[in-house]
Amino acid sequence: MNKDLPGVFANKITNAIDNVQSVFYGEGKDDRNVNEVLDKIYSNSKFAFLKSVEIVTNTEKSVEKIAARFKDHILTLSNKNIKIADIKSIKEIK
């Protein structure tokens, strides 16, 4: 009664499997791109500095008014220089 079962054929996995980590980036990330949100704010009005935005960065969460937008950073009316690459999410507060 003690029969050995046949072995199962399985290929060896030689490559690293990280497809889940490269696709899922969630946790606080906004679906929209930061530049798309900034483009929308600037396209709706000539006076973008009158609009309040909530900015979540790697280190803090704050409500600011954008004074100027440059290539890789934004300047707020409270004299903060925030890099666009550091921004996790940004949304307009109405």
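Before any of the text, the structure's been laid out above.
Throughout what follows, the structure given in this document is the object of discussion. For every chain, the first residue of the written sequence is number 1, and numbering continues from 1 onward in sequence order. Restriction of local features to residues with pLDDT of at least 70 applies here, the model being predicted, together with a cutoff of 80 or more for giving and counting side-chain atom pairs; totals for whole chains, interfaces and linings are based on all residues. With hydrogens and water stripped out, all remaining heavy atoms of the structure feed into the side-chain values.

Let's talk about the environment of lysine 40
Definition in use: Here a strand is any run of E in DSSP of at least two residues, a helix any run of H or I of at least four, and the numbering for each starts at the N terminus. Categorising residues by exposure relies on relative accessible area from a 1.4 Å probe, with only protein chains included: less than 20% of the type maximum marks a residue as buried, more than 50% marks it as exposed, and the intermediate range marks it as partly exposed.
On the secondary structure map, lysine 40 appears in helix 2 (residues 34-44). The exposure class of lysine 40 is partly exposed, given its relative accessible area of 42%.

Considering the sheet that holds strand 1 (residues 52-57)
Quick reminder of the rule: For two strands to count as paired, DSSP must find a minimum of two bridges between them. For helices, the fitted axis covers only the stretch in contact; all axes are lines through C-alpha atoms, and the angles between them, taken along N-to-C directions, range from 0 to 180 degrees. Throughout, a residue-residue contact means that at least one pair of heavy atoms, one from each residue, lies within 4.5 Å.
The strand order across the open sheet built from five strands is 4-3-2-1-5, with neighbouring strands paired in antiparallel fashion. Unpaired on one side and paired on the other, strand 4 (81-83) and strand 5 (87-93) mark the two borders of the sheet. Going across the sheet, the axis of each strand differs from the next one's by a mean of 45°, ignoring polarity. Relative to strand 5, strand 1 is paired through six bridges, and the arrangement is antiparallel. From the neighbouring strand, threonine 57 faces strand 5, where its bridge partner is isoleucine 87. Along the sheet face, helix 2 touches strand 1, strand 2 (61-69), strand 3 (73-76) and strand 5 and points at about 65° away from the line of strand 2.

Some thoughts on the pairing of strand 3
Going residue by residue along strand 3, you find Ile74 and Thr76 tucked away on one face and His73 and Leu75 left uncovered on the opposite face. Hairpin connection of strand 2 to strand 3: three residues between the antiparallel strands. Of the strand pairs in this sheet, strand 3 and strand 4 are connected by three bridges, and their pairing is antiparallel. Pairing of isoleucine 74 across the sheet is with isoleucine 82, part of strand 4. The hairpin turn running from strand 3 into strand 4, its antiparallel successor, is four residues long, and asparagine 79 in that turn takes a positive phi close to 65°.

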